[in-house]
Amino acid sequence: MNTYIAFLRGINVSGHKKIPMAELRELLSKLGFQNVQTYIQSGNVIFESLEENTQKLELEMHHAIKNHFGFEVPILIKTPEALKGIFDNSPFPEEKKVNSYFTLLYDVPDKDLIAEVSKIKYTNEEFIITNNCIYFYCFTGYGKAKCNNNFFEKKLKTRATARNYKTMVKLIEMLSEN
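Basis of the calculations
Residues numbered from 1 in each chain as written. Predicted model: local features only at pLDDT ≥ 70, side-chain atom pairs only at ≥ 80, totals over all residues. Heavy atoms only, no water. Buried < 20%, exposed > 50% of the residue type's maximum accessible area, 1.4 Å probe, protein only. Helix = DSSP H or I, 4+ residues; strand = E, 2+ residues; numbered from the N terminus. Pairing = 2+ DSSP bridges. Axes fitted to C-alpha atoms, helices over the stretch in contact; angles between N-to-C directions. Contact = heavy atoms within 4.5 Å. Core = buried A, V, L, I, M, F, W, Y, C linked by side-chain atoms within 4.5 Å. Salt bridge = Lys/Arg side-chain N within 4 Å of Asp/Glu carboxyl O.

**Q** How should I be thinking about the pairing of strand β1 (residues 2-8) in this particular structure?
**A** Consecutive side chains along a regular strand alternate between the two faces of the sheet. With six of its seven residues buried, β1 lies for the most part within the structure. Sheet analysis places β1 next to strand β3 (residues 44-49), joined by six bridges and oriented antiparallel. Counterpart to tyrosine 4 in the pairing with β3 is phenylalanine 47. Here four bridges tie β1 to strand β4 (residues 75-78), and the two strands are oriented antiparallel to one another. Counted as the bridge partner of leucine 8 is isoleucine 75 from β4.

As structure tokens, this is what we get:
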């Protein structure tokens with residue numbers, strides 16, 4: 001059995017795309033996923049499956065959510081090793097890392113777009129773009145950041161979903177318990 005973490009983008013934000021976690025766990029269990037757990041309302045799902053193809057799992061989960069809840073939700077699935085690698089590879093020193101955000105990328109952005117976006121500078125904001133994550137730190141907090149998830153999606157022409165340091169730590173902890 002393989003353990004995975006699914007990130008659902010844009011659910012339960014300001015009353016939009018509401019998905020109750022208990023209902024989501026039940027839906028995914030009916031699909032045949034095992035030991036389904038969720039963490040907070042922002043769309044973090046840990047589960048087990050015999051399937052090894054994460055793209056197939058993403059599609060299956062996407063279709064089930066669309067059919068059940070009636071709206072599209074982008075899904076990104078990572079293995080525990082991949083998520084831990086992203087977390088461990090944060091380029092920030094510890095005092096910034098604990099207040100940083102991990103913007104997980106659904107696709108590898110075009111290298112020319114990465115180069116172009118990397119030139120953008122805003123006061124109190126720092127980011128480093130890799131193939132699978134944008135490491136982001138904002139001294140004044142994410143809510144006031146110009147370089148938010150939507151900014152990166154538009155500039156890099158790819159989907160992304162952001163999680164803060166505390167969420168990443170908790171998800172990695174939960175994954176290690178499986």
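Anyway, onward from the coordinates.
**Q** For this particular structure, what's the right way to read the sheet that holds β4?
**A** Think of a sheet as strands paired side by side through backbone hydrogen bonds, with each pair either parallel or antiparallel. Read from one edge of the open sheet, four strands run β2-β3-β1-β4, paired in antiparallel fashion. With one partner strand each, in any of the chains shown, β2 (34-39) and β4 form the two edges of the open sheet. Here the strands of the sheet are splayed against their neighbours by 25° on average, with no regard to which way each runs. Across the face of the sheet, helix α2 (residues 54-69) comes into contact with β1, β3 and β4 while running at roughly 145° to β4.

**Q** When you look at the nonpolar core in this model, what are you seeing that I'm missing?
**A** The nonpolar side chains of soluble globular proteins are, as a tendency, buried together. Within the largest apolar cluster, 22 residues are counted, with the highest numbers of intra-cluster contacts made by Leu8, Ile19, Phe47, Met61 and Ile65. Elements that contribute at least two residues to this core include exactly β1, α1 (21-30), β3, α2 and β4. The element best represented in this core is α2, accounting for five residues. With residues near it in sequence (within four places) discarded, leucine 8 still touches Ile19, Leu24, Ser42, Gly43, Val45, Met61, Ile65, Val73, Pro74, Ile75, Thr161 and Arg163. Ile46, Leu76, Leu104 and Cys133 belong to the second-largest nonpolar core, a separate cluster that totals 20 residues.

**Q** Help me out: how do you make sense of the pattern of salt bridges in this one?
**A** Pairing is possible between side chains that carry opposite charge, provided their charged atoms lie close to one another. A full pass over the atoms with the stated rule returns seven salt bridges. Notably, a salt bridge pairs lysine 56 with glutamate 51, separated by 3.5 Å at the nearest N-O pair. For glutamate 51, a relative accessible area of 24% corresponds to the partly exposed category. Where lysine 84 meets aspartate 88, a salt bridge forms, and the shortest distance between an N and an O atom there is 3.0 Å. In this pair, lysine 84 and aspartate 88 both sit in helix α3 (residues 80-88), four residues apart, roughly one turn of the helix. Of the residues examined, aspartate 88 reaches a relative accessible area of 42% and is grouped as partly exposed.

Geometry only, nothing functional implied.
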